[in-house]
Amino acid sequence: MKKLSTALLLLATTAYAQPYDNSMTEDAIKKRIAPIGAVYFEGDKAAVAEVPTGPRTGEQVYQAACFACHGTGALGAPKSADDWAPRLAKGTDTLLNHAINGFNAMPPRGTCMDCSDDEISAAIDFMSKK
């Protein structure tokens, strides 16, 4: 009888001795059911998105627009300094012209239609030194 009582006591306390579930706290529940967006009606002031204050760096342009091809070498896009050497030998004006207007498999501006000529040039400088 003692063994049975001990076993039942152990079983009963095990059922209540579960680890604390943080996902059921009031804060966790509020976070899960919080709205993911907001609706603004005419006349309301909407939240202001952060606007860039100047030109993007070559690295920023590379990460946003150039990496897909130049990070992988897709369609023969130059990846390393060795790949860039024959292109740089043609001169920076020719290289920039090809980047802005498109050349072979590269589309105009490398699909970065909102990039300035200076930003394209900065991206070329960044990529060709990698």
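Relevant structure appears above.
What you see is a predicted model; the values in this text were computed from it and never measured.

Side note on helix H6 (residues 117-128)
Helix length check: H6, at twelve residues, gives a terminal C-alpha distance of 16 Å against a target of 16 Å (1.5 Å per residue), a fit within 8%. Turning to H6, its buried residues are Glu 119, Ile 120, Ala 123, Ile 124, Met 127 and Ser 128. When H6 is viewed along its axis, its buried side chains cluster within an angular range of 165 degrees and face the same direction.

Brief notes about unusual backbone geometry
A positive phi angle, near 50 degrees, is found at Asn 104, a position not held by glycine. Tracing the backbone through its elements, the reader meets Asn 104 in the loop between helix H5 (92-101) and H6. At Thr 111, a residue that is not glycine, the phi angle is positive and equals roughly 75 degrees. Along the polypeptide, Thr 111 turns up in the loop between H5 and H6. Thr 111 gets classed as exposed once you look at its relative accessible area, which sits at 54%.

Procedures and definitions
Residues numbered from 1 in each chain as written. Predicted model: local features only at pLDDT ≥ 70, side-chain atom pairs only at ≥ 80, totals over all residues. Heavy atoms only, no water. Helix = DSSP H or I, 4+ residues; strand = E, 2+ residues; numbered from the N terminus. Expected span 1.5 Å × (residues − 1). Buried < 20%, exposed > 50% of the residue type's maximum accessible area, 1.4 Å probe, protein only. Arc of directions from axis to C-beta.

This is a description of form; function is not addressed.
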